[in-house]
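Residue-level structure breakdown
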Amino acid sequence: MMVLGKLAGMVLHQLRNPLNIMKTSLYYVISSYSDKMDERMKKHLEMIEKAVDSSDKLIEDILGFARPREPVLENVDINHVARTALADILVPPGTTLETEFSEDLPAIQADPLLLIQMFKNITINAIEAMKGVGTIRIGTRLKEGWIEVSFNDNGPGIGEDMLPRIFEPLFSTKSRGTGLGLSLCRLIVYKHEGEITVRSRKGYGTIFIILLPLAVRASTGGNNDG
Ligand SMILES: Nc1ncnc2c1ncn2[C@@H]1O[C@H](COP(=O)(O)OP(=O)(O)OP(=O)(O)O)[C@@H](O)[C@H]1O
Ligand SMILES: [Mg+2]
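Residues numbered from 1 in each chain as written. Chains lettered and ligands numbered in written order. Predicted model: local features only at pLDDT ≥ 70, side-chain atom pairs only at ≥ 80, totals over all residues. Heavy atoms only, no water.

1. Considering the overall build of the chain
Rules: Each helix corresponds to a stretch of at least 4 residues labelled H or I by DSSP, and each strand to a stretch of at least 2 residues labelled E; elements are numbered beginning at the N terminus. Computation of the radius of gyration draws on C-alpha atoms, with the globule rule given as 2.2 Å multiplied by the number of residues to the power 0.38. Burial classes follow relative accessibility: with a 1.4 Å probe on protein chains only, a residue under 20% of its type's maximum area counts as buried, one over 50% as exposed, and anything between as partly exposed. Contacts: residue pairs with any heavy atoms within 4.5 Å of one another. For the area figures, the Shrake-Rupley method with a 1.4 Å probe applies, and any residue is considered shielded solely by the protein chains shown.
Within the chain, the regular secondary structure consists of five helices and seven strands. Start at the N end of the chain and walk to the C end: the helices and strands fall as α-α-β-α-β-β-α-β-β-α-β-β. At 18 Å, the chain has a C-alpha radius of gyration in line with the 17 Å of a compact globule built from 226 residues. Its C-alpha atoms put the chain at 55 × 45 × 40 Å along the principal axes. Looking at the chain residue by residue over its 226 residues, the buried ones come to 38%. Across the chain, every contact between residues at least 6 apart in sequence was considered, and the portion connecting residues at least 24 apart equals 73%. Accessible surface computed for the chain: about 13500 Å², of which carbon and sulfur atoms make up 57%.

Shown next as structure tokens:
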């Protein structure tokens, strides 16, 4: 099992290189030639872009889950992290992403790459849940020594029977979901000594709230004995 796990990890790591090349080349082709392309061609390139993105997310989630790494802490501007993550997400035309960022927030000690992964997973879930129509509001603010990040969508909501299970690894209601996204988000938040909660009402929408401490007690890359 250990050899298989190691092999799977190596293969997944190797697959990221060609995916990144495809992503960069796609970006180049789309931004340089979009005025010379007909609608059908654009549609096909969008399909490739979506497929590359979801493969990349899958690899990132599996690696993050199977080989969780300790956060490498640095001073982080949460709004900058949020903007970086959101810029990398394909938003369907009927979906609106609104941001309400408090300015002048203090820097927090965090691992920006892990936080980007968390922002992307929760936002993509909301986009997928709304099936192309709706609004997601993402906010940041200072709250009693913590930074609070909220994700508020007006999608279909989550039933009471499902709600306690959504953070379980491999729990998914999607035909092509792996169910790793939220369990990974929770792991990332816990590794930052933060808290994650969810409130949802069927038919009205869902809110995820994350509290991150300004400073993490555990030392960089070291033993997490807190
Ligand atoms: N904003 C949301 N609105 C409604 N349901 C949600 C929302 N976010 C999560 N869910 C529910 O929680 C489940 C678990 O989410 P999670 O991100 O862990 O897995 P997934 O999205 O199904 O698969 P993936 O591994 O591709 O992320 C989803 O399948 C969905 O049913
Ligand atoms: Mg998900």
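2. A look at the domain arrangement of the chain
Filter applied, for reference: Domain limits in this description derive from either an automatic procedure or a database domain assignment. Here's the idea: put two parts together, see how much 1.4 Å probe accessible area each one loses, and the total over both is what we call buried area. By salt bridge we mean one thing: a side-chain nitrogen of Lys or Arg within 4 Å of a carboxyl oxygen of Asp or Glu. Polar contact criterion, stated in full: a pair of N or O atoms within 3.5 Å, where within protein one must be able to donate a hydrogen and the other to accept it, and residues adjacent in sequence count only if both atoms are side-chain atoms.
Partitioning the chain into structural domains gives domain 1 (2-66) and domain 2 (74-220). Look at where the C-alpha atoms of domain 1 and domain 2 centre, and you get two points 22 Å apart. Taken together, the contact pairs 11 residues of domain 1 with 12 residues of domain 2. On the domain 1 side of the interface with domain 2, the three residues burying the most area are K57, D61 and F65, jointly 49% of the side's total. At the surface where domain 1 touches domain 2, the tally comes to one salt bridge. Across the pair D88 and K23 runs a salt bridge, and its minimum N-O distance is 3.8 Å. In this assembly, domain 1 and domain 2 are joined by three residue pairs in polar contact (both at pLDDT 80 or more).

3. Regarding the sheet that holds strand 2 (residues 95-101)
To be explicit about the condition: For two strands to be treated as a pair, DSSP must find no fewer than two bridges joining them. Between N-to-C directions, angles span 0 to 180 degrees; the directions come from axes that are lines fitted to C-alpha atoms, helices contributing only their stretch in contact.
Taken together, five strands build an open sheet; the order of strands is 2-4-5-7-6 and the sheet is mixed. Pairing within the sheet leaves two strands with one partner each, and these edge strands are strand 2 and strand 6 (195-201). Across the sheet, the mean angle separating the axes of adjacent strands is 15° when strand polarity is ignored. Examined bridge by bridge, strand 2 and strand 4 (residues 134-143) share seven bridges and lie parallel to one another. The residue bridging E98 from the neighbouring strand is R137, located in strand 4.

4. What about the pattern of salt bridges?
Close approach of charged atoms lets side chains of opposite charge pair. All chains considered together, the criterion is met by 15 salt bridges. A salt bridge links E128 to K174; the shortest N-O distance between them is 2.5 Å. Here the residue E128 occupies a position in helix 4 (residues 112-130), and K174 occupies one in the loop between strand 5 (146-153) and helix 5 (181-191), the gap between them amounting to 46 residues. For E128, a relative accessible area of 42% translates into the label partly exposed. Linked through salt bridges whose partners overlap, the residues forming this network are R16, K23, D53, D56, E60, D88 and K120.

5. A few points about the packing of aromatic side chains
Definition in use: Pairs were defined over the aromatic rings of Phe, Tyr and Trp, the Trp ring being its six-membered one, requiring ring centres within 6.5 Å. Orientation was assigned from the angle between planes: stacked under 30 degrees, edge-to-face over 60, tilted for the rest. By the criterion adopted, a ring carries a charge over it if an Arg CZ or a Lys NZ lies within 6 Å of its centre and within 35 degrees of its normal.
For the coordinates displayed, the defined rule picks out three aromatic pairs. Sitting over the ring of Y204, R201 keeps its end group 4.1 Å from the ring centre.

6. Considering helix 3 (residues 78-87)
What counts, and what does not: Note that the arc is computed from the directions linking the helix axis to the C-beta atoms.
Restricting attention to buried positions, one finds in helix 3 the residues I78, N79, V81, A82, A85 and L86. The buried residues of helix 3 all sit within an arc of 160° when viewed along its axis, so they share a single face. Exposed side chains of helix 3 directed beyond 90 degrees from the buried face belong to H80 and A87. For helix 3, the side-chain oxygen to backbone nitrogen distance between the N-cap and N79 is 3.0 Å, and the N-cap itself is D77.

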